[in-house]
Amino acid sequence: MHDEDILIGSLVEDTWLTLEQVAGACAVEPQWLLRHIEEGLFPHAESVAGVWRFSTVSILRARRMRQLERDFDAVPELAALMADLLEEMDALRIRIRTAGLR
């Protein structure tokens, strides 16, 4: 990993998105996101002064969850569990790569 990759990753990680931006990027209705937030399925979302904001990680999570719900008719809780597992796999792959094992 190069220094510029670390810098870009840090900048992206510190970016917050609105409910509408995440919904638009994932081709879902804002109400879909709100229902999932209310069910506690978006740990990367927080409310600041009554306005929801999301980390950029939320886009990938929302896309994965929506695809699982659509393609496999999965209930939201199962889609969130699968998203958790996929996120953990992504994190492990990054750790392996940075450790030079691959």
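Relevant structure appears above.
*Asks:* How should I be thinking about the overall build of the chain in this particular structure?
*Replies:* Counting secondary structure elements, the chain contains 5 helices and 3 strands. Among the 102 residues that make up the chain, the fraction classed as buried is 27%. Here the analysis covers contacts within the chain between residues at least 6 apart in sequence; of these, 49% occur between residues at least 24 apart. Of the roughly 7,100 Å² of accessible surface on the chain, 57% is carried by carbon and sulfur atoms.

*Asks:* Mind showing me how you'd approach the packing of helix α3 (residues 30–38) against helix α4 (residues 57–72) here?
*Replies:* The relative placement of two packed helices comes down to the angle between their axes together with the axis-to-axis distance. Across the interface, α3 lies against α4 with an axial gap of 12 Å and an inter-helix angle of 95°. One way to sum up the angle between α3 and α4 is to call them roughly perpendicular. From α3, Trp32, Leu33 and His36 reach across to α4, where they touch Ala62, Met65, Arg66 and Glu69. By residue class, the composition of the contact of α3 with α4 is 4 nonpolar, 1 polar and 2 charged.

*Asks:* Would you mind going over the packing of aromatic side chains with me for this structure?
*Replies:* Aromatic rings in a pair are described by how distant their centres are and how their planes are angled relative to each other. Scanning the entire structure with this criterion turns up 2 aromatic pairs. Each ring, one from Trp32 and one from Phe42, has its centre 6.3 Å from the other, and the planes form 80°; the classification is edge-to-face. Linking Trp32 in helix α3 with Phe42 in the loop between α3 and β2 (45–48), this pair joins segments that are 10 residues apart in sequence. Exposure remark for Trp32: the relative accessible area of 7% places this residue in the buried category. Classification of Phe42 as buried rests on a relative accessible area of 5%. Between Phe42 and Phe54 the ring centres are 6.3 Å apart and the planes differ by 90°, which places this aromatic pair in the edge-to-face class. Of this pair, Phe42 sits in the loop between α3 and β2 while Phe54 sits in strand β3 (residues 51–55); the two residues are 12 residues apart in sequence, bridging distant segments of the chain.

*Asks:* Explain the pairing of β3 to me, please; I cannot follow it from the model alone.
*Replies:* Every regular strand shows the same layout, with side chains that alternate between the two sheet faces. Bridge count for strand β1 (residues 16–18) against β3 is 3 bridges, and the pairing is antiparallel. Its bridge partner lying in β3, Trp16 is registered against Ser55. Note that β2 and β3 share 4 bridges and pair antiparallel. Within the sheet, the bridge partner assigned to Glu46 lies in β3 and is Arg53. With antiparallel pairing between neighbouring strands as the criterion, β2 and β3 make up a hairpin whose turn holds 2 residues, including Ala49 at a positive phi of roughly 55°.

Criteria and thresholds
Residues numbered from 1 in each chain as written. Predicted model: local features only at pLDDT ≥ 70, side-chain atom pairs only at ≥ 80, totals over all residues. Heavy atoms only, no water. Helix = DSSP H or I, 4+ residues; strand = E, 2+ residues; numbered from the N terminus. Buried < 20%, exposed > 50% of the residue type's maximum accessible area, 1.4 Å probe, protein only. Contact = heavy atoms within 4.5 Å. Areas by Shrake-Rupley, 256 points an atom, 1.4 Å probe, with all protein chains shown as cover. Axes fitted to C-alpha atoms, helices over the stretch in contact; angles between N-to-C directions. Parallel < 35°, antiparallel > 145°, perpendicular 65-115°, else oblique. Nonpolar A, V, L, I, M, F, W, Y, C, P; charged D, E, K, R; others polar. Phe/Tyr/Trp six-rings, centres within 6.5 Å; stacked < 30°, edge-to-face > 60°. Pairing = 2+ DSSP bridges.

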